[in-house]
Structure formats: structure tokens, C-alpha cells
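Below are the chains, spelled out letter by letter.
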Amino acid sequence: MSRHVLITGASGFLGSHLCDLYIARGWRVTGLDNELAGRRENIAHLLGNPAFSYQVHDICDGLPDDGRPLDLILHLASLASPPFYKRLQVETLMVGAIGTRNALELATLKGARILFSSTSEVYGDPLESPQSESYWGNVNPIGPRSMYDESKRFAEALMVAYQKTRGTNVAIVRIFNTYGPRLRPDDGRVVTEFLGQILDGKPLTVHGDGTQTRSFCYVGDLVDGIARMADSTHTGPVNLGNPHEEMSILALAERLCRVFDAPFNRSGPLPPQDENDPRRRRPDISLARTLLGWEPRTTFEDGMRATYDYLKTLRA
Ligand code: UDP
């Protein structure tokens, strides 16, 4: 009998790519999404597939048990974009707390492994760079990003508590900035904003002085890392991200203009995204290399072209 994975956040950016990956592997896939941020278009091509089932469902109300054996839960449900989590603050905290508790309860009941998608935001505005998993972070618990950061930090603690006290088979990955097709065009994150502005011939909205850095990983590489972690027996946390592509936001803007042959125009001075906007973010992926044999492979140019083409198609 084929193996069975339940994916929370199934019609979201990462969730939908994972649905594709596990269907391609011959698994049965059950997808759940409350569609607050997830979009049906992302999984529409799978809806007629007998190996795929999908429900619009809020995991804060519990996770359905369809009575069939379950091998794996990939717990991706979350509001991951700053404009979304700042608008839906309580929902963001609750999906990290109640949603994760409910996912852990089902995993424990079914004896399934459960992988939680944590984030580089657990490191906050880091005081060391690159960030390795042993760094505890520099997080403001009541700051403008706290609803997201603390929901993920709480969820990590809950995962470990279930492992220690209930014997649940848990895995944690910490995901750094990721981009690619199926990011919402209105997501508000920097890659979609800049590519959209290039497509529209508008100036690029660089926040603050633009010297803050991020490291950009292509979605195809990222979901491969998630699947490798799920296949392993490791608990983690394990960082997944692209250490080779750390750049300032200003450098990102200039580089994208070069790739897409657009003039580089910066919009008038804009305030920083928020006062806790991390200054630097770069993953140390030594653990992922050693434990999972994982390394991002897609070049900046190939990944950005795929994302640009996707956004262009959506407009047409
Ligand atoms: N950013 C920007 N212009 C935009 C959107 C984002 O300069 O139109 C900046 C933002 O201030 C942050 C970085 O790009 O410093 C990454 O922001 P994003 O929202 O993509 O994700 P984050 O890494 O902050 O979660």
C-alpha cells in the first residue's frame, strides 16, 4: 500500500510544491488549508488525482482522522509573509500554538512522523552571522514581528515537549528566505514586490537604507531539503536556506534589474519595514550538508527567471 502524508498549508507556497513532490513519489497526499493565505490555484492541477484529497479546513479546529494509516505530517500551515502576519496577528499565534498542538496530537495517535516548518525568524535580529542552529536568537517578544517569531518558537518548544513526554517522532527545519513560482503576487515579500515592479516598469521600493541582508533560496531546492529531513530520523532543528546568496536588499534590486534588463530606479526614501527588521540573515547549513547531504543548487538567475515567468503568466 502506498504511503500517506498529510500536509497542512497544502495550497500555500511551500505546501503546494510538497503536494507535487509527494504525489510524484507515489504517496497518497491529504491536503488541508484554511485558504487565508493559501490559494486553490496552487493545487488545482491535482484535484482530479485519486491519490490526492484536499479540504478547506482550519487546523485550529483539530485535524481530521480519516481512519487510514498515516506515515507523515508535514506541518506547513502558517502566515509567513510580514504584511499577512501583521494583519492577522492572533491567527498567526494560534496556528503556531493550537494548530501545532492539534497536529502533534494526530501524529502521536497515528504513530506518524511530524515535520514542523520553523523559520530563520527564531533568530530574530541576529547578533551573529551566519546563524547556526546552536544560536538562541535575539527576539523581541512584544515587537512588530513577535506574533510570527514567538508562534514559531512556541511551536518548536511544543514539538520537543511532545517528543520528550509522549514519544512523538518529530522533526524541525528552520527555513530561510525562499522564493519561486506560487508565491502570492500580493504577498508583500521582497522578491515578488521587486519583480512585480520590474514587470510594471515602476521604481523599486527599497525599505530603509537597503543595507539589510537576506539569503535567497529557490523553492525547488528548499522542498528537496524538507523531504530529505522527513526521510531521515533526525529531530533537528536543521537550517534550510542558501548561504551562497546573501546580499543586501539594494544589491538584490540592482541585480534583478540587470537580469531583466530594466533601468534601476529606486522609489523615494521609504521607512524600514519595521524597527526590528533583521539587519543580517544568512544560514549556516553545515548540519543540513552533513546529516541530509543537502545543498541548494539552483542559480540566482535561473530561480529568478522562473519566478518572473510565473508572475508574468499570472498577469496574462
Ligand atoms: N523589503 C523591501 N521592499 C519591499 C519588501 C521588502 O525593501 O517592497 C525589505 C524588507 O524591509 C526586509 C527585506 O526586504 O528588509 C525582506 O523582507 P521580506 O518581507 O521579503 O521578508 P523577511 O525576510 O523580512 O521576513
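Bear in mind that the values here come from a model prediction, so they are computed numbers and not experimental data.

The next point concerns the overall build of the protein chain. Counting its secondary structure elements, the protein chain contains nine helices and eleven strands. Its C-alpha radius of gyration of 19 Å places the protein chain within 12% of the 20 Å reference for a compact globule of 316 residues. Overall size of the protein chain, expressed as C-alpha extent along the three principal axes, is 55 × 45 × 35 Å. In the protein chain, which comprises 316 residues, the proportion classed as buried is 55%. Across the protein chain, every contact between residues at least 6 apart in sequence was considered, and the portion connecting residues at least 24 apart equals 81%.

On the surface, Val90, Leu93 and Met94 cluster together into a nonpolar patch covering about 250 Å² of accessible area. Inspection of the secondary structure puts Val90 in helix H3 (residues 89-110).

Here we take up the site of the ligand. Contacts to the ligand come from 18 residues, most closely from Thr205, His207, Arg214, Asp277 and Arg281. The contact in question runs from an oxygen atom of the ligand to an N or O atom on the side chain of Gln212, over 3.1 Å. Burial of the ligand by the protein chains amounts to 97% of its free accessible area of 520 Å². Class assignment for the residues of the shell around the ligand results in five nonpolar, six polar and seven charged.

Taken as a whole and judged by the stated rule, the model has seven aromatic pairs. Taken together, a centroid distance of 6.4 Å and an interplanar angle of 15° make the contact between Phe52 and Tyr54 stacked. By the burial criterion, Phe52 is buried, and Tyr54 matches it. Pairing Tyr123 with Tyr135 gives two aromatic rings, centres 6.0 Å apart and planes at 25°, and the pair type is stacked.

Before going further, it helps to spend a moment on the sheet that holds strand E5 (residues 113-119). In spatial order, the strands read E3-E2-E1-E4-E5-E6-E10; together these seven strands make up an open sheet with parallel pairing. The sheet is open, and its two borders are formed by strand E3 (52-56) and strand E10 (238-240), each paired with just one other strand. Taken pair by pair, the neighbouring strands of this sheet meet at an average axis angle of 20°, ignoring direction. Pairing geometry for strand E2 (residues 28-33) and E3, over five bridges, is parallel. Across the sheet, residue Leu32 finds its bridge partner in E3, namely Gln55.

Cut-off values and rules
- Residues numbered from 1 in each chain as written.
- Predicted model: local features only at pLDDT ≥ 70, side-chain atom pairs only at ≥ 80, totals over all residues.
- Heavy atoms only, no water.
- Helix = DSSP H or I, 4+ residues; strand = E, 2+ residues; numbered from the N terminus.
- Rg over C-alpha atoms; globule rule 2.2 N^0.38 Å.
- Buried < 20%, exposed > 50% of the residue type's maximum accessible area, 1.4 Å probe, protein only.
- Contact = heavy atoms within 4.5 Å.
- Patch = residues over 30% accessible without salt bridge, like charges linked within 9 Å, V, L, I, M, F, W, Y side chains within 5 Å.
- Areas by Shrake-Rupley, 256 points an atom, 1.4 Å probe, with all protein chains shown as cover.
- Salt bridge = Lys/Arg side-chain N within 4 Å of Asp/Glu carboxyl O.
- Near = heavy atom within 4 Å.
- Polar contact = N/O pair within 3.5 Å; in protein donor to acceptor, adjacent residues only side chain to side chain.
- Nonpolar A, V, L, I, M, F, W, Y, C, P; charged D, E, K, R; others polar.
- Phe/Tyr/Trp six-rings, centres within 6.5 Å; stacked < 30°, edge-to-face > 60°.
- Pairing = 2+ DSSP bridges.
- Axes fitted to C-alpha atoms, helices over the stretch in contact; angles between N-to-C directions.

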